[in-house]
Amino acid sequence: MTSILVLNGPNLNLLGTRQPEIYGSTTLAEIEAICDMAGAIHGASVTCLQSNHEGELVEAIHAARGVHDAIVMNAGAYTHTSIAIMDAIKSTGTPTIELHLSNIHAREPFRHKSYIAPVAVGQICGFGADGYRLAIEAALAYLDQMPS
Ligand code: CA2
């Protein structure tokens, strides 16, 4: 069975409680249920993890190798700062889809830079919580067309 790891970074545990005008009103628990459902529809298993700690996210990326077929990652603010997460994705080689609820390119200039983008299969942003479903479908489509 295809297995997808959904990783959420710092402050995303607060979803649905503050700044709904930017991040929507869907909670993290609801997003995780959406992810499970999106996987189940396609016969894939989905594992979700959220951490506010950069090192924990790096370790989760390391541990995904050989366990999960792809990663969907919303690295939160670490997107714009973390060479460690970029290196982890690059060195472990698990196909990774970068995801953001908001359109980071339409926001402050410091959010336009992503350290994840150069090592990701692709980036989905600006579609709110529905982006998680889109990212899981993109990951599954990408895996489907990979030579076995
Ligand atoms: O749009 C996204 O998904 C972001 O990754 C969210 C990050 C932000 O730093 C990125 O630039 C774009 C911030 C996540 C903070 O989440 C909150 C949720 C509710 C209330 C406050 C923060």
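Here we summarise the structure given alongside this text. (Residues numbered from 1 in each chain as written. Predicted model: local features only at pLDDT ≥ 70, side-chain atom pairs only at ≥ 80, totals over all residues. Heavy atoms only, no water.)

### Quick word on the sheet that holds strand β2 (residues 45-50)
How we decide: Any two strands are treated as partners once DSSP identifies two or more bridges connecting them. Secondary structure elements are taken from DSSP: a helix is a run of H or I of four residues or more, a strand is a run of E of two residues or more, and numbering for both begins at the N terminus. Here an angle of 0 to 180 degrees is reported between the N-to-C directions of two axes, which are lines fitted to C-alpha atoms, with helices fitted over the stretch in contact.
Read from one edge to the other, the open sheet built from 5 strands follows the order β2-β1-β3-β4-β5, with strand pairing classed as parallel. At either end of the open sheet lies a strand with only one pairing partner, and these are β2 and β5 (122-125). Averaged over all pairs of adjacent strands, the angle between their axes in this sheet comes to 20°, without regard to strand direction. Sheet topology note: the strand β1 (residues 3-8)/β2 ladder contains 6 bridges and is parallel.

### As for the packing of helix α2 (residues 28-41) against helix α5 (residues 130-144)
For any two helices packed against each other, one specifies the inter-axial angle together with the distance between the axes. Keep this limit in mind: Roughly parallel means an angle under 35 degrees; roughly antiparallel means over 145; roughly perpendicular covers 65 to 115; every other angle is labelled oblique. Here a crossing is called left-handed whenever its near helix is offset anticlockwise from the far helix by less than a right angle, and right-handed whenever the offset is clockwise. Should any heavy atoms of two residues lie within 4.5 Å, those residues are counted as being in contact. Under the scheme applied here, ten amino acids are nonpolar (Ala, Val, Leu, Ile, Met, Phe, Trp, Tyr, Cys and Pro), four are charged (Asp, Glu, Lys and Arg), and all others, including Gly, are polar.
Relative to each other, α2 and α5 sit at 30°, their axes nearing to 9 Å. In terms of their interaxial angle, α2 and α5 are classed as roughly parallel. Considering how the two elements wind past one another, α2 and α5 form a crossing that is right-handed. Residue-level contacts link I31, I34, C35, A38 and G39 of α2 to Y132, R133 and I136 of α5. Class assignment of the residues belonging to the contact of α2 with α5 gives a composition of 6 nonpolar, 1 polar and 1 charged.

### Points about unusual backbone geometry
Here is the rule we go by: Per-residue accessibility, obtained with a 1.4 Å probe over protein chains only, is compared with the maximum for each type, and a residue is labelled buried under 20%, exposed over 50%, and partly exposed between these values.
The phi dihedral of N11 falls on the positive side, at around 75°, and the residue is not glycine. Here N11 shows up in the loop between β1 and α1 (20-23). The phi dihedral of Q19 falls on the positive side, at around 50°, and the residue is not glycine. The residue Q19 is located in the loop between β1 and α1 in this model. Looking at Q19, the relative accessible area reads 41%, which means it is partly exposed.

These values are about where atoms sit, not about what they do.
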